[in-house]
Amino acid sequence: MAVPCDWKEIRRQLVDFLEKEVYPRESQLQSEDKAAAEALLAELVSKAKGMGLWAFGHPREIGGMGMPFMDYVYLNEVIGRSEFAQRIFGTYSLQDAIMLNEYASAAQRERYLMPLVAGEVNPSFAMTEPGISSSDPTQLQTTAVLEEGYWRINGRKWFTTGADIAAYTTVMCRTEPDAPGHAAFSMIIVPMATPGYHILRDTPVLGMAGGHFEAEYVNVKVPAENLLGERGAGFKIAQKRLGPGRIFHCMRWLGQAQRAFDLMCERLLEREAFGSSLADKQLLQQHVFNSYQEIQACRQLTLHAAKRIDAGDAARVEIGAIKVAGAGMLHRVIDRAIQVYGAEGLTDDTPLSRMYRHAREARLYDGPDEVHIQSVAKQLLRAFDKGQGWDFGQRDIEGL
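Given the structure is predicted, the values throughout are model-derived calculations rather than measurements.

Rules and cut-offs
- Just so you know, the residues in each chain are numbered from 1, in the order the chain's sequence is written.
- Predicted model: local features are reported for residues with pLDDT of at least 70 only, side-chain atom pairs are reported and counted for 80 or more only, and whole-chain, interface and lining totals are derived from all residues.
- To obtain the side-chain values, all non-hydrogen atoms of the structure were included, while hydrogens and water were left out.
- Numbering of helices and strands runs from the N terminus, with a helix taken as a DSSP run of H or I at least four residues long and a strand as a DSSP run of E at least two residues long.
- Relative accessibility decides the category of a residue: with a 1.4 Å probe and only protein chains considered, values under 20% of the type maximum give buried, values over 50% give exposed, and everything between is partly exposed.
- Contact between two residues is taken to exist if any of their heavy atoms lie within 4.5 Å; hydrogens are not considered.
- When charges are counted, neither His nor the chain ends are considered; positive counts come from Lys and Arg and negative counts from Asp and Glu.
- Note that the charge is assigned to NZ on lysines, CZ on arginines, CG on aspartates and CD on glutamates.
- Confidence of the predictor at the level of single residues is given by pLDDT, which spans 0 to 100.
- We count a salt bridge whenever a side-chain nitrogen from Lys or Arg sits within 4 Å of a carboxyl oxygen from Asp or Glu.
- Any two strands between which DSSP finds at least two bridges are classified as paired.
- Helix span, expected: 1.5 Å multiplied by one less than the number of residues in the helix.
- To define axes, lines are fitted to C-alpha atoms, for helices over the stretch in contact only, and angles between the resulting N-to-C directions are given on a 0 to 180 degree scale.
- By the definition adopted for this analysis, an angle is roughly parallel if under 35 degrees, roughly antiparallel if over 145, roughly perpendicular if from 65 to 115, and oblique otherwise.
- Here a crossing is called left-handed whenever its near helix is offset anticlockwise from the far helix by less than a right angle, and right-handed whenever the offset is clockwise.
- In this classification, the charged set is Asp, Glu, Lys and Arg, the nonpolar set is Ala, Val, Leu, Ile, Met, Phe, Trp, Tyr, Cys and Pro, and all remaining amino acids, among them Gly, are polar.

1. Looking at the overall build of the chain
A count of helices and strands for the chain gives 13 helices and ten strands. The buried share among the 400 residues of the chain stands at 49%. Within the chain, residue pairs in contact and separated by at least 24 positions form 71% of the contacts whose partners lie at least 6 positions apart. Computing the positive centroid from 44 side-chain charges and the negative centroid from 51, the chain places the two 2 Å apart.

The following block contains the structure:
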């Protein structure tokens, strides 16, 4: 059960913590000295926990703050301002915690869920496979066969985010070879130390190691009780994890865009060229206007989708729309900030270079733009085909 809390005050504390504690240390957190980076992260986690800035959206019964969904949405856009903030404030595990909270057995809850929320372990999730179009995941080839009380898993996954720091991976496997489509797949929990589970590489993403790992499963054996939920329910379980994740992504993108906007405006005011401030140049003022307009429009779309979800609606049209609009907005806002910074914006002397590369990922993960565009258009046209139409005003009223 959610408990009352002053989310506005917590939001202010998050901004202050990021600006004073996190931003100045981001270069150290990005260090190739992984041990030193993890030690610094642990120090920041301890400080955040000491201030009560931890696990806001996790239910209270599993050790979280139990914050209402809409309150958490407003915090999440602040958390999005730094790529390290999710781990620092204990929200990195929320999608997996939601999934485990609904489907885990009692033993799985004790071994994985409670330590996950406490920040004692980290999760990873393996669905995407190299050489297979992830926009049609029914093509996934990793198999799991039940033999004498054990699952034997064989296959290859990549973009398993955070595998290097995880205690386990939840793996999507083909367990029902004769079942049609989505019903052929199940979720199985694989501890990282299991023999046959090999991390092959940190897959480079636009020239940087982004924590997206490729892993091989060679006759990996785990007990039958490591099955998460029921056999053949893999896609249903995945949607329980990925569905909320899309709205969380969109809110974090707003935070990234806000940070890029701040950097752009500060740069315009502090620099001069051709005898006057950059802020006086009309073409550069256009960057400010366009960025404000796009951020604000996407923010309202995102909040509307969040309200629909909070009201119990699946909000598939709204989520699909903001996934595409938000990813494009983020890319364009950061691009304008880089343009204002000039050559410096292309270097790692500012956060913009890494932000820009991460922003390009947004148009692909959790479904490429094209899939969401097609899905949204089909749902809208289906409503008209049924004679229902799509009353934007009514949808907005229902979302309040």
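2. A closer look at the confidence of the model for the chain
The predicted model of the chain has a mean per-residue pLDDT of 93, with 98% of residues at 70 or higher. Of all helices and strands in the chain, the one with the weakest mean pLDDT is helix 13 (residues 392-398) (75), whereas strand 8 (residues 227-228) scores best (98).

3. Looking at the pattern of salt bridges
Per the counting criterion, the structure on display carries 22 salt bridges. Arg332 is the partner of Glu294 in a salt bridge, and the nearest nitrogen-oxygen pair spans 2.9 Å. Taken as a pair, Glu294 in helix 9 (residues 282-310) and Arg332 in helix 10 (residues 316-341) lie far apart in primary sequence, 38 residues in all. Looking at Arg332, the relative accessible area reads 40%, which means it is partly exposed. Via salt bridges that share partners, Arg156, Arg201, Glu214 and Glu216 belong to a single interconnected network.

4. Digging into the pairing of strand 5 (residues 185-191)
Most of strand 5 sits inside the fold, with seven of its seven residues counted as buried. Judged by which residues are buried, strand 5 turns out to be covered on both faces: Phe185, Met187, Ile189 and Pro191 on one side and Ser186, Ile188 and Val190 on the other are all buried. Relative to strand 5, strand 4 (residues 168-174) is paired through seven bridges, and the arrangement is antiparallel. By the bridge assignment, Cys173 is partnered in strand 5 with Ser186. Judged from the two bridges that link them, strand 5 and strand 8 form a sheet pairing that is antiparallel. In the sheet register, Ile188 faces strand 8, and the bridge partner there is Leu227.

5. A few points about helix 9
Compared with the 42 Å implied by 1.5 Å per residue over 29 residues, the 42 Å span of helix 9 between its first and last C-alpha is a close match. Gly312 sits one or two residues past helix 9 and shows a positive phi near 100 degrees.

6. Details of the packing of helix 4 (residues 69-79) against helix 9
Close contact between helix 4 and helix 9 brings their axes to 10 Å; oriented N to C, the two are set at 150 degrees. Put simply, helix 4 runs roughly antiparallel to helix 9. Remark: the crossing between helix 4 and helix 9 carries right-handed chirality. Contacts from Phe69, Met70, Val73, Tyr74 and Glu77 of helix 4 reach helix 9 at Arg299, Leu303, Ala306, Lys307, Ile309 and Asp310. Looking at the contact of helix 4 with helix 9 residue by residue, the classes come out as seven nonpolar, no polar and four charged.

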